[in-house]
Amino acid sequence: METRWLYTTSKDLPKLREISNDTCVIPMGCIEKHGLHMPLGTDTIAASMVTYLASQIEPVCVFPDFIFGDVPEGSPKMHPGTVTIPVETEILMLETLCTQIARNGFRKILVINGHGGNVSWLNVFMRKMTTEKRNFVFGHIELPLVAPHTMAEKLIEEGSGCMPDLTSEDEATILRLHEQKMRIGHACMGEASYIMGCAPESVHLEYLGVEAGRRLHILDHYSKAGISIHAWPYDCPTAYGGDDPVDCNERIGKAALKLGAEIIAERIKLFKEDEVFWNCQEEFQQGW
């Protein structure tokens with residue numbers, strides 16, 4: 001069934017809302033460098049595709065992508081192609097969109113976030129949602145990077161053939177990378193697999209080796225001392241963190257998309273069916 005807001009007619013939107021139990025999900029990403037081998041829209045592309053596939057498992061209305069995530073590196077160090085806007089604008093934009101979504105009858109709004117840089121301001125946004133009376137509840141979940149470790153765990157638990165897209169050689173590769181404790185992070189195997197599954201032409205594994213994906217760890221002494229700072233742009237100046245995804249292919253990508261969608265669908269189902277959160281907010285806001 002059609003679950004995407006943009007592809008639904010005005011006549012059919014109320015029907016989609018009913019099937020969704022008044023729940024709307026927003027895929028969220030950003031536009032930033034992902035090494036030299038991954039597209040600028042990696043986080044948005046992955047969040048959008050996994051969310052859509054999840055909506056085919058657990059029917060829910062999918063709002064258009066929120067692409068302007070937080071990329072705080074800033075000028076003049078901003079990598080080519082990166083687009084960012086002030087956090088205050090992001091918060092205002094999301095609040096305005098949520099208000100419009102709620103105006104159309106959706107009581108539950110859930111962001112499926114594919115960009116780690118959005119977590120901090122999304123938490124601030126959630127806090128802001130408790131300062132005034134709202135006619136919707138809001139939450140956000142992070143897009144899981146399933147390749148290779150979650151996929152390997154599934155293979156170990158369920159056995160060969162549990163992910164039909166994989167060949168026996170692919171299964172062996174996944175298990176080997178898991179055993180080797182492959183590092184994932186940014187523009188890594190986890191993200192590369194998602195994009196390989198939905199837009200393989202935009203992944204350029206031939207560019208691997210030009211820039212390393214190893215973190216510099218030059219500010220680790222702050223975290224060891226219990227001091228929180230924003231270390232990402234200094235620790236990973238090439239916007240790449242993790243081991244090279246040299247073994248990634250389209251089959252692994254298809255399997256990763258399906259597994260990621262299954263995980264997200266389970267979380268959407270909980271948010272969609274639960275009324276405790278809504279009742280708690282209603283009680284908290286009494287008298288406002």
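The structure contained in this document is the topic of the report that follows. (Residues numbered from 1 in each chain as written. Predicted model: local features only at pLDDT ≥ 70, side-chain atom pairs only at ≥ 80, totals over all residues. Heavy atoms only, no water.)

### Considering the pairing of strand 4 (residues 137-142)
One face of the sheet, then the other: side chains in a regular strand alternate in exactly this way. Test applied: Each residue gets one of three labels from its accessible area relative to the maximum for its type: buried under 20%, exposed over 50%, partly exposed in between, using a 1.4 Å probe on protein chains only. We count a stretch as a helix when DSSP gives it H or I for four or more residues in a row; a strand needs E for two or more, and each element gets its number in order from the N terminus. Strands are treated as partners if at least two bridges between them are detected by DSSP. Note on handedness: a crossover is taken as right-handed if, strands pointing away from the viewer, the path from the first strand over the helix to the second is clockwise.
Along strand 4, 5 of the 6 residues are buried, which leaves the element largely enclosed by surrounding structure. Across 6 bridges, the pairing between strand 3 (residues 108-113) and strand 4 is parallel. In the strand pairing of strand 4, isoleucine 112 is matched with isoleucine 141. What joins strand 3 to strand 4 is helix 4 (residues 119-128), and the crossover it makes is right-handed.

### Comments concerning the nonpolar core
What counts, and what does not: Buried Ala, Val, Leu, Ile, Met, Phe, Trp, Tyr and Cys residues that are joined via side-chain atoms within 4.5 Å together make up what is termed a nonpolar core. In what follows, a contact means two residues having at least one pair of non-hydrogen atoms within 4.5 Å.
Ranked by size, the top nonpolar core spans 47 residues in total, and within it Ile112, Leu143, Met151, Met163, Tyr194, Ile264 and Ile268 carry the most contacts. Mapped onto this core, the elements with two or more residues apiece are helix 2 (42-57), strand 3, strand 4, helix 5 (149-158), helix 6 (168-179), helix 7 (189-198) and helix 10 (250-273). With 11 residues, helix 10 is the single largest residue contributor to this core. Tyrosine 194 has contacts with Ala46, Val50, Leu143, Pro144, Leu145, Val146, Ala256, Leu257 and Gly260, leaving out every residue within four places of it along the chain. Membership of the second largest hydrophobic core comes to 23 residues, among which are Trp5, Leu13, Met28 and Cys61.

### A few points about the state of the cysteines
For the record, the criterion: Pairs of cysteine sulfur atoms within 2.5 Å are what we label disulfides.
Per the counting criterion, the structure on display carries 0 disulfides. Here cysteine 188 stays unpaired: no disulfide links it, and the sulfur of cysteine 248, its closest cysteine neighbor, is 9.6 Å away. Taking relative accessible area as the criterion, cysteine 188 reaches 0% and is therefore assigned buried.

Remember, this is a structural readout, not a statement about activity or role.
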